[in-house]
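A look at the structure
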Amino acid sequence: MKVAVRGISFEYDGIPALRNVSLEVGEGEVVGVVGPNGSGKSTLLRCIDGILRPRVGVVLVDGEETSKMRRMDLARTMGYVPQESSGTFPIRVFEMVLMGRRPYVNWKATRKDVDAVRRVLELMGMEHMAWRYFQELSGGERQKVIIARALAQEPKVLLLDEPTSNLDLRAQIEVLELIKELVRKNELSAMMAMHDLNLAARYSDKLVMLREGQIFAAGRPASVLTRENVREVYGVDVEAIPQLVPVGVRSGA
Amino acid sequence: MAGVVGEVYSKFLLRKVALISVLLLALIVLASVAVSVGAASVGMKGAISALFGGGDRFTKVIVLRMRLPRVLMAILAGAGLAASGTVMQGVLRNPLASPFTLGVASAAGFGAALAMVLGASFASWGKYVVATNAFMFATLASFLVYGLAKLRGATSEGMILAGIAIMYMFSALTSVLEYMGKKEDVHAIVFWLMGNLSGADFGKVLVVLIVISISLPLLIMRSWDLNALTLGDEAAESLGVNVERARMVGMVLSSLATSGVICFTGTIGFVGLVSPHITRMAIGGDNRFLIPASCLSGALLLLGADTIARTVLAPTEVPVGIMTSLVGIPFFLYLLFRKRREYWR
C-alpha cells in the first residue's frame with residue numbers, strides 16, 4: 001500500500017470542505033476523484049500534498065505520516081500538478097522543469113539535476129521544446145511541462161488537479177495516456193481530480209466520488225458511475241447511450 | 001554522457017555569466033569616467049592616478065573627497081534599489097511592484113519630512129537625524145504592510161493592497177507637513193523627495209554598504225525559493241518551499257535594502273521598477289543571475305543618470321531622480337515594445 005488517507009477533515013474558516021475522508025492508492029494505480037464543483041476534490045489533493053493541513057486525520061506514504069516529514073522530503077515524495085499554471089515572468093521549458101529539482105538543489109544545479117531534467121524531457125518526447133518559452137506553448141504542451149516538472153521531483157506519488165480541464169480532445173487523451181503510462185512504468189501512485197466522468201472512468205483504476213466533502217461512492221469505475229449515483233450526486237439524469245469513446249491518438253494526425 | 005540538452009544548458013548559463021561580466025566591466029568604465037568629469041576638469045588619467053594615491057593635492061581632493069563618495073553612493077544605491085525591485089516583483093508575482101508601490105519609499109519620505117519640519121535639517125547632525133527618521137518610518141511601513149497582509153494569509157494581492165494603502169497614507173501625511181510647513185522646510189522636503197546624491201560622504205557610503213552587504217547576499221542565497229514563488233503559491237509549496245516565510249523574508253530583506261538606501265538619497269524613483277525589467281529581458285528570470293545582474297544594471301543606470309545630472313547643466317545640478325526617469329523611461333519603453341512578443345503574456 002503506497003498512499004493511505006485516514007479520516008481527514010478540513011474546513012475553510014469554519015466551513016467544512018472535507019469530512020472524514022479515507023482512501024488508499026496502490027503502486028502503479030490511478031485513482032480518479034470525481035464530484036461536482038465544491039465537493040472537495042481540489043481540497044483533498046491539497047491536503048494530501050500538505051499544501052493544506054487537515055484538521056484531523058493523517059496521510060501516510062509507505063506507512064510514514066506526511067505531516068511529520070520535512071518539507072523537502074515531502075517534496076521528494078509527492079509531485080503536484082496544479083489546475084492552472086501560467087508563470088508570471090517568461091521562463092523556458094527547461095528552466096520550468098528544472099524547478100522540479102528544487103527539493104534536491106542547494107544553489108547550483110548539479111550534473112545530476114540537469115540529467116534528471118533531460119531524462120524526463122526525453123521520456124515525454126519533449127526535448128525539442130526545451131528552449132522554447134513556456135508561455136508560448138499550447139495548453140496541452142504546458143500541462144505536459146508541468147507534469148514533467150512534477151516528475152523531475154522523482155516522486156512516488158503524483159497528484160493532478162483537473163489535468164485535462166482546459167485541453168482539447170486530442171490533448172486530453174494525450175495527457176491522460178501519458179499519465180497512465182508513467183504510473184505503470186515507474187510504479188507511481190497517482191490521484192487525479194476530474195470533471196469528465198467518461199475520461200475519469202476510462203483512465204482510472206478506481207474512482208472516488210465526493211459529495212459535499214464526503215465520499216459518496218468508491219471502487220471500480222463501473223460500480224461508482226451508476227445512474228443512481230450520478231443522479232444523486234450531480235442531480236443529472238444520465239443514460240448509457242452510444243458515445244464516441246476515444247481509444248488512442250493516431251500518430252501523424 | 002551529459003546529453004545535448006545538458007550542454008545547451010551549460011552554454012545558457014555561460015551566456016548569463018558573460019553578460020554579468022560585461023555589465024561589471026561597463027560599470028568600472030563608467031565609474032572611471034564619472035570620477036573624471038565634472039565642474040573641475042581633472043581628466044581620466046589624473047583621476048585614476050588620484051584613486052591609486054598619486055597626482056597633485058587639488059586633484060586628490062576633487063576626486064577622492066568630492067566625487068568618489070558620490071560615485072560609490074550611486075553604485076550602491078542603484079544596486080540596492082534594483083535588487084529590491086527584482087525581489088519584490090518576484091515574490092509578489094507582480095510586474096508593477098517596486099519599493100514605491102509598497103509604501104516603503106513614501107514612509108521614508110514622511111520620516112524625512114517630519115525631521116525637517118521639526119528642525120533637524122539645519123543641525124550639525126541633522127543629515128543623520130533625517131536619515132534615521134526616514135529609515136525608522138520605512139521600517140515601520142514594512143511592518144505595517146506585513147502585519148496587515150498577514151491578516152489575510154500573506155498573499156501577494158493582500159500585500160500589494162496593504163502596501164498601496166500605506167503608500168497613500170504616508171503621502172497624505174507628507175502633504176500635511178508641506179501644507180503646514182515653513183517655506184524653507186517645504187523647499188527642503190521637495191528637494192529630498194526628488195532624490196539626489198549630492199549629500200553623499202564616506203560615512204553614508206559605509207552605512208549603505210553595510211546594509212546592502214547584509215541583505216543582498218541573503219537574498220541571492222534564497223534564489224531558488226524566489227524562483228519557485230513566481231510559479232504560484234501552490235506550486236512553490238509542493239516544491240517544498242515554505243511560501244509564507246519565503247515571501248516574508250524576501251520582503252523584509254528587500255525593504256531593508258531599500259530603506260537603507262533611500263534614507264540617504266531621498267526617493268530616487270524608478271530604478272527599482274525599471275532595472276529589474278530591463279535585466280530580466282536580457283538575462284531571464286532565474287534569480288541566481290537576475291539579482292546580481294539587476295544590481296549592476298541598476299548601478300549603471302543610476303551612476304549614468306547622476307553623472308549626466310551633475311554635468312549636463314553644470315554648474316547647476318538636475319536632481320538625479322528626475323534624470324533617472326528621463327534616461328530610463330525611453331530605454332525601457334524601447335525594450336518593452338521591441339521584445340513584447342516574448343515579454344508580457
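Up top is the structure.
To start, this report covers the structure provided alongside it. Note that the structure is a prediction, hence the values are computed from the model and not measured. Residue numbers run consecutively from 1 along every chain, following the written order of its sequence. Here chains are named by letter from A upward and ligands by number from 1 upward, in the order in which they appear as written. Local features in this predicted model are restricted to residues whose pLDDT is 70 or higher, and side-chain atom pairs enter the listing and the counts only when it is 80 or higher, whereas totals over whole chains, interfaces and linings include all residues. Values reported for side chains reflect all heavy atoms of the structure, with hydrogen atoms and water molecules removed beforehand.

Topic: the overall build of chain A
- Helical segments are the DSSP runs of H or I of at least four residues, strand segments are the runs of E of at least two, and each set is numbered from the N terminus. Secondary structure assignment for chain A yields nine helices and 10 strands.
- For this measure, only C-alpha atoms enter the radius of gyration; the expected value for a globule follows 2.2 Å times N^0.38, where N is the number of residues. Radius of gyration (C-alpha) of chain A: 18 Å, near the 18 Å computed for a compact globule of 253 residues.
- The principal-axis extent of the C-alpha atoms belonging to chain A is close to 55 × 50 × 35 Å.
- Each residue is placed in one exposure class: buried if its accessible area under a 1.4 Å probe, protein chains only, is under 20% of its type's maximum, exposed if it is over 50%, and partly exposed if it falls in between. Across the 253 residues that make up chain A, the buried fraction comes to 55%.
- A separation of at least 24 residues holds for 68% of the contacts in chain A among residues at least 6 apart in sequence. Every residue pair with non-hydrogen atoms within 4.5 Å of one another is taken to be in contact.

Points about unusual backbone geometry
All names here are of chain A.
- With a phi angle near 45°, Glu-162 is a residue other than glycine that sits in the positive phi range.
- Here Glu-162 lies in the loop between β7 (157-161) and α6 (169-186).
- Taking the relative accessible area as the measure of exposure, Glu-162 reaches 9% and is therefore buried.
- With a phi angle near 50°, Glu-212 is a residue other than glycine that sits in the positive phi range.

So, the environment of Ile-214 of chain B
- Take Ile-214 of chain B: it is sitting in helix α8 (residues 202-221).
- Taking the C-alpha atoms as reference, Ile-214 of chain B lies 25 Å from Ala-18 of chain B; in sequence the two are 196 residues apart.

Side note on the side chain of Thr-230 of chain B
- Tracing the sequence through the fold places Thr-230 of chain B in the loop between α9 (223-229) and α10 (233-238).
- The class of Thr-230 of chain B is buried, set by a relative accessible area of 15%.
- A distance of 2.7 Å separates a polar side-chain atom of Thr-230 of chain B from the backbone oxygen of Asn-227 of chain B.
- In contact with Thr-230 of chain B, other than residues within four places in its own chain, are Gly-87, Thr-88 and Phe-89 of chain A together with Gly-90 and Arg-93 of chain B. We call two N or O atoms a polar contact when they sit within 3.5 Å, provided that within protein one can donate a hydrogen and the other can accept it, with sequence-adjacent residues counted only if both atoms are side-chain atoms.

A short note on the interface of chain B and chain A
- Counting from both sides, the interface comprises 41 residues of chain B and, opposite them, 40 residues of chain A.
- Per-residue buried area on chain B facing chain A is highest for Trp-224, Glu-234 and Leu-239 of chain B; these three make up 22% of the total on that side.
- Salt bridge, as used here: a side-chain nitrogen of Lys or Arg that lies within 4 Å of a carboxyl oxygen of Asp or Glu. For the pair chain B and chain A, the number of links is four salt bridges.
- Between Arg-71 of chain A and Glu-237 of chain B there is a salt bridge whose closest N-O contact spans 2.7 Å.
- For the pair chain B and chain A, the interface holds nine residue pairs in polar contact (both at pLDDT 80 or more).
- Among the elements that make up the side of chain B that touches chain A, the one with the highest residue count is helix α1 (residues 3-36) of chain B (seven residues). Two parts lose some accessible area (1.4 Å probe) when they are put together, and adding that loss for both gives the buried area.

A few points about the pairing of strand β9 (residues 206-211) of chain A
Residue and element names in this part refer to chain A.
- We call two strands paired when DSSP finds no fewer than two bridges between them. The pairing of strand β3 (residues 29-34) with β9 spans four bridges and is parallel. The partner of Val-33 across the bridge, within β9, is Val-208.
- Relative to strand β10 (residues 214-219), β9 is paired through five bridges, and the arrangement is antiparallel. In the strand pairing of β10, Met-209 is matched with Ala-217.
- The hairpin turn running from β9 into β10, its antiparallel successor, is two residues long, and Glu-212 in that turn takes a positive phi close to 50°.

A look at helix α13 (residues 287-311) of chain B
- One fewer than the residue count of a helix, multiplied by 1.5 Å, yields its expected span. The terminal C-alpha atoms of α13 of chain B lie 35 Å apart, and with 25 residues this matches the ideal 36 Å at 1.5 Å per residue to within 8%.
- Taken across its 25 residues, α13 of chain B has 22 buried, putting it largely inside the fold.

Here's the deal with the pattern of salt bridges
- With the rule as written, the count across this model stands at 28 salt bridges over all chains.
- Ionic pairing is found between Arg-101 of chain A and Asp-113 of chain A, a salt bridge with its closest N-O pair at 2.9 Å. Here Asp-113 of chain A lies in helix α4 (residues 111-123) and Arg-101 of chain A lies in the loop between α3 (93-98) and α4, a separation of 12 residues in the sequence. Comparing Arg-101 of chain A with Asp-113 of chain A, the two get one shared label, buried.
- Of the charged contacts in the structure, one is a salt bridge between Arg-102 of chain A and Asp-225 of chain B, with a shortest N-O distance of 2.3 Å. In this pair, Arg-102 of chain A sits in the loop between α3 and α4 while Asp-225 of chain B sits in helix α9, so the two residues belong to two different chains. Each member of the pair, Arg-102 of chain A together with Asp-225 of chain B, is buried.

Focus: the packing of helix α3 (residues 57-91) of chain B against α13 of chain B
All names here are of chain B.
- At a minimum axis separation of 7 Å, α3 and α13 run at an interaxial angle of 140°. Considering their axes alone, α3 and α13 lie oblique with respect to each other. Handedness of the α3/α13 crossing: right-handed. Here Arg-67, Arg-70, Val-71, Ala-74, Ile-75, Ala-77, Gly-78, Ala-79, Ala-82, Ala-83, Thr-86 and Val-87 of α3 come into contact with α13, specifically with Asn-287, Leu-290, Ile-291, Ser-294, Cys-295, Gly-298, Ala-299, Leu-302, Leu-303, Asp-306 and Arg-310.
- Asp, Glu, Lys and Arg are counted as charged, while Ala, Val, Leu, Ile, Met, Phe, Trp, Tyr, Cys and Pro are counted as nonpolar; the rest, among them Gly, fall into the polar class. Among the residues making up the contact of α3 with α13, the classes are represented as 14 nonpolar, five polar and four charged. Note on geometry: axes are lines fitted to C-alpha atoms, helical ones only across the stretch in contact, with angles between N-to-C directions running from 0 to 180 degrees. For classification purposes, angles smaller than 35 degrees are called roughly parallel, those larger than 145 roughly antiparallel, those between 65 and 115 roughly perpendicular, and all remaining angles oblique. Here is the rule for handedness: rotate from the far helix to the near one, and if that takes an anticlockwise turn smaller than a right angle the crossing is left-handed, while a clockwise turn gives right-handed.

Some words on the nonpolar core
- We call a set of buried Ala, Val, Leu, Ile, Met, Phe, Trp, Tyr and Cys residues a nonpolar core when their side-chain atoms join them within 4.5 Å. Of all hydrophobic cores here, the largest spans 155 residues; its most connected members are Phe-94, Leu-121 and Ile-147 of chain A.
- The element best represented in this core is α3 of chain B, accounting for 15 residues.
- Discounting chain neighbours no more than four positions away, the residues touching Phe-94 of chain A are Val-114, Val-117, Leu-121, Ala-130 and Trp-131 of chain A together with Val-5 and Tyr-9 of chain B.
- One finds Cys-47, Met-69, Met-78 and Val-208 of chain A within the second-largest nonpolar core, a separate group that totals 29 residues.

Some remarks on the pairing of β7 of chain A
All names here are of chain A.
- Judged by how many residues are buried, β7 sits mostly within the fold: five of five residues are covered.
- Of the two faces of β7, both are covered, the one formed by Val-157, Leu-159 and Asp-161 as well as the one formed by Leu-158 and Leu-160.
- Here strand β6 (residues 78-81) runs beside β7; their pairing, made up of four bridges, is parallel. The residue of β7 that forms the bridge with Gly-79 is Leu-158.
- Crossover connection from β7 via α6 to parallel strand β8 (residues 189-193): handedness right-handed. By definition, the crossover connecting two strands over a helix is right-handed if that path, from the first strand to the second, turns clockwise as seen with the strands pointing away from the viewer.

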